[in-house]
Amino acid sequence: MSLQLPRKHNATDTTIFTVMSTLAQQYNAINLSQGFPDFPIDTKLSNLLHEASLNGLNQYAPMAGLPILREAIAQDFSKRYSITLNPDTEITITPGATYAIYTAFSAILSPGDEVVVLEPAYDSYIPNIEMNGAKAIPVKLLPKTFAPDWEKIKASINSRTKAIIINTPHNPTGTIWQQEDWNQLAELLRNTDIFILSDEVYEQLVFDKQQHCSVLQQPELRERSFVLYSFGKAFHNTGWKIGYCIAPPTLSQAFRRLHQFLSFSVNTPAQYALAQYLSHTERESPTELLQNKRNYFIELMQQTPFQLLQPSQGSYFQLVSYAGMSDASDIDFARLLTEKYGVATIPISAFYSDKHDDKILRFCFAKKEETLTKAVERLKDIEPESF
Ligand SMILES: Cc1ncc(COP(=O)(O)O)c(C=O)c1O
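None of these values were measured; they are calculated from a predicted model.

Peer 1: Can you help me understand the overall build of the protein chain in this one?
Peer 2: The number of helices and strands found in the protein chain is 14 helices and 13 strands. Here the C-alpha radius of gyration of the protein chain, 21 Å, is about what a compact globule of 387 residues would show, namely 21 Å. Here the C-alpha coordinates of the protein chain stretch approximately 60 × 60 × 55 Å along the principal axes. Within the protein chain, the proportion of its 387 residues that are buried is 46%. Taking as baseline every contact in the protein chain between residues at least 6 positions apart, the subset at least 24 positions apart corresponds to 73%.

Peer 1: Looking at this structure, I do not really get the site of the ligand. What am I missing?
Peer 2: Near the ligand, the surroundings consist of 14 residues, among which Gly-96, Ala-97, Thr-98, Asn-171 and Ser-230 are the closest. The residue makeup of the shell around the ligand, split by class, is 3 nonpolar, 9 polar and 2 charged.

Peer 1: How do you make sense of unusual backbone geometry when you look at a structure like this?
Peer 2: Most of the time, phi is negative for any residue but glycine, and the peptide bond is trans. Residue Pro-169 is reached from Thr-168 by a cis peptide bond, and omega for that bond is -15 degrees. Among the structural elements, Pro-169 can be located in the loop between β5 (161-167) and α7 (179-189). In the segment running from Asn-171 into Pro-172, the intervening peptide bond is cis, with an omega of 15 degrees. Mapped onto the elements of the fold, Pro-172 is located in the loop between β5 and α7. A positive phi angle is found at Asn-191, which is not glycine, with a value near 65 degrees. Looking at the element boundaries, Asn-191 is found in the loop between α7 and β6 (195-199).

Peer 1: Before we go on, may I ask you to explain the packing of helix α3 (residues 67-81) against helix α11 (residues 268-280) in this structure?
Peer 2: Packed helix pairs are specified by the crossing angle of their axes together with the interaxial distance, meaning the distance between the axes. It is the contact of α3 with α11, at a shortest axis distance of 8 Å, that shows an interaxial angle of 30 degrees. As the angle between them shows, α3 and α11 are arranged roughly parallel. The chirality of how α3 crosses α11 is left-handed. In contact with Ile-68, Leu-69, Ala-72, Ile-73, Gln-75 and Asp-76 of α3, α11 contributes Gln-271, Leu-274, Ala-275, Leu-278 and Ser-279. Tallied by class, the residues present in the contact of α3 with α11 amount to 7 nonpolar, 3 polar and 1 charged.

Peer 1: Even after reading the chapter, I still don't get the nonpolar core, so can you show me in this structure?
Peer 2: The tendency in soluble globular proteins is for nonpolar side chains to be buried side by side. Among the nonpolar cores identified, the biggest contains 115 residues, and Ala-104, Val-115, Val-117 and Leu-228 are the most heavily contacted of them. Tallying contributions element by element places helix α4 (residues 97-108) first for this core, with 9 residues. Composition of this core by domain shows at least three residues from each of domain 1 (16-41 + 285-386) and domain 2 (60-280). Residues in contact with Val-115, not counting those within four places in the same chain, are Ile-129, Ala-134, Ala-136, Ile-137, Lys-162, Ala-163, Ile-164 and Ile-165.

Peer 1: Teacher, can you tell me more about the sheet that holds strand β3 (residues 114-119) here?
Peer 2: Each strand in a sheet pairs with another by means of backbone hydrogen bonds, the pair being arranged parallel or else antiparallel. Taken in spatial order, the 7 strands line up as β2-β8-β7-β6-β5-β3-β4 in an open sheet, and their pairing is mixed. What marks the edges here is a single partner per strand, and that holds for β2 (91-94) and β4 (135-140). Within the sheet, the average angular offset between the axes of one strand and its neighbour, ignoring direction, is 20 degrees. With 4 bridges joining them, β6 and strand β7 (residues 225-230) adopt parallel strand pairing. In the sheet register, Ser-198 faces β7, and the bridge partner there is Val-227.

Peer 1: Could you clarify how one ought to interpret the domain arrangement of the protein chain in this entry?
Peer 2: Under the domain assignment, the protein chain is made up of domain 1 (16-41 + 285-386) and domain 2 (60-280). Once you take the C-alpha centre of each, domain 1 and domain 2 turn out to be 26 Å apart. Contacts between the two partners involve 26 residues from domain 1 and, on the opposite side, 26 residues from domain 2. Contributing elements (two or more residues each) for the side of domain 1 that touches domain 2: α12 (286-301) and β10 (317-321). Its residues placed into classes, the side of domain 1 that touches domain 2 shows 15 nonpolar, 9 polar and 2 charged.

Peer 1: Explain the pairing of β7 here, please?
Peer 2: β7 sits mainly inside the fold: 6 of its 6 residues count as buried. Along β7, one buried face is formed by Ser-225, Val-227 and Tyr-229 and the opposite face, lined by Phe-226, Leu-228 and Ser-230, is buried too.

Peer 1: I keep staring at the sheet that holds β10 and nothing clicks. Help me out?
Peer 2: The antiparallel open sheet is built from 4 strands, whose spatial order is β9-β10-β13-β12. Each edge of the sheet is formed by a strand with only one pairing partner; in this case those strands are β9 (307-308) and β12 (346-347). With 2 bridges connecting them, β9 and β10 associate as antiparallel partners. Paired with Gln-307 across the strands is Ser-321, a residue of β10. Against the sheet, α12 contacts β9, β10 and β13 (360-364), and its axis sits at roughly 15 degrees relative to β10.

Peer 1: So what exactly am I meant to see when it comes to α11 here?
Peer 2: Each α-helix turn comprises 3.6 residues. Residues three or four places apart therefore point the same way. End to end, α11 covers 18 Å across 13 residues, agreeing with the expected 18 Å (1.5 Å per residue, within 8%). In this structure, the buried side of α11 is in contact with α2 (43-54), α3, β2 and α9 (231-235).

Peer 1: Could you clarify how one ought to interpret the packing of α2 against α11 in this entry?
Peer 2: Between α2 and α11, the shortest axis-to-axis distance is 8 Å and the interhelical angle comes to 130 degrees. Judged on the interaxial angle alone, α11 and α2 are oblique. For the crossing formed where α2 meets α11, the hand is right-handed. Contacts between α2 and α11 involve Lys-44, Leu-45, Leu-48, Leu-49, Ala-52 and Ser-53 on the former and, on the latter, Pro-269, Ala-270, Tyr-272, Ala-273, Gln-276 and Tyr-277. Along the lines of polarity and charge, the residues of the contact of α2 with α11 split into 9 nonpolar, 2 polar and 1 charged.

How each quantity is defined
Residues numbered from 1 in each chain as written. Predicted model: local features only at pLDDT ≥ 70, side-chain atom pairs only at ≥ 80, totals over all residues. Helix = DSSP H or I, 4+ residues; strand = E, 2+ residues; numbered from the N terminus. Rg over C-alpha atoms; globule rule 2.2 N^0.38 Å. Buried ≥ 20, exposed ≤ 12 C-beta atoms within 10 Å, placed from the backbone. Contact = placed C-beta atoms within 7 Å. Near = placed C-beta within 6 Å. Nonpolar A, V, L, I, M, F, W, Y, C, P; charged D, E, K, R; others polar. Axes fitted to C-alpha atoms, helices over the stretch in contact; angles between N-to-C directions. Parallel < 35°, antiparallel > 145°, perpendicular 65-115°, else oblique. Left-handed = near helix turned anticlockwise from the far one by under 90°. Core = buried A, V, L, I, M, F, W, Y, C linked by C-beta atoms within 7 Å. Domains from an automatic or database assignment. Pairing = 2+ DSSP bridges. Expected span 1.5 Å × (residues − 1).

Okay, here's the thing in structure tokens:
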């Protein structure tokens, strides 16, 4: 017997997040690598989940999601962004944003199609494109500022280009798109049939009184866009894996055509809890909470030999350079930092398809103050010659 297992994508078999989290466990290191909070979620949300299950909400939800949750999302977007959404035809609840990205790609891609991906990029994008038989066209963001390189983006577009994927606030760089960026994209895509996937999972985490600027606020672009969100990032419950896709009715229909056979529906008690929490509960602002953590982390890092890049404008992440400390590759440096000093981070080369290495690490600051303090205590003791 010779069982054939096709390689559905060209990426690594084990993601860097799994590698670094496993290493962190092995060396009992403080894990600032993977993007998940180590602080508890609001007990009101936990209680609502409990209540849902006790009240018998334990069977399949409707395919597009619980109506009360879709309604609550529509009201939330109306309140926070003055965006009008039809909960029946434009919102689909999904088991997380990663699934929604895969499904949106699946709804539009055929073999031979190309998708423009701005790098560094969240590591699921390119494998998701390849698993759908299409080809990713990576275009690097500009050095230092990580702003879009419009000349290169323009040059990457041709008759095979089916989509471009945007991520704001951005993982891993913590940059955000401004209105001007969307204007540039609108100009580029005018008179084309190119779709947009806009990954806005960190939309509630935009700092320093800046506003999140969504593709949903761009009338010219909205009609060609699938916009992906994750409750995990807004309410600190990444393990619940509940997200949603907002798209115009015809695009949502194409998305649901696949979703009904991929997952069909999503965890009912969690949907109920999120609906009640969104509509009725006084909540702490995740923006302020995470901004304080970013500030705390930046302040502490001044005591270490690392060099911070521009302060994160949004997301869970701060980039930090070790260029003045060592010539080691970022992967080797991150490994040694975990093994010798007990702090796990993510090397930025993992976010580039060509493994581009600028000696930058990504730190997740979505952690308790005591975790950040402990990590920096260890980083202060670093002897650069040990790398
Ligand atoms: C940019 C980006 N998109 C999507 C996701 C995944 O969201 P979910 O956990 O809801 O699948 C993450 C998680 O780290 C992310 O950083």
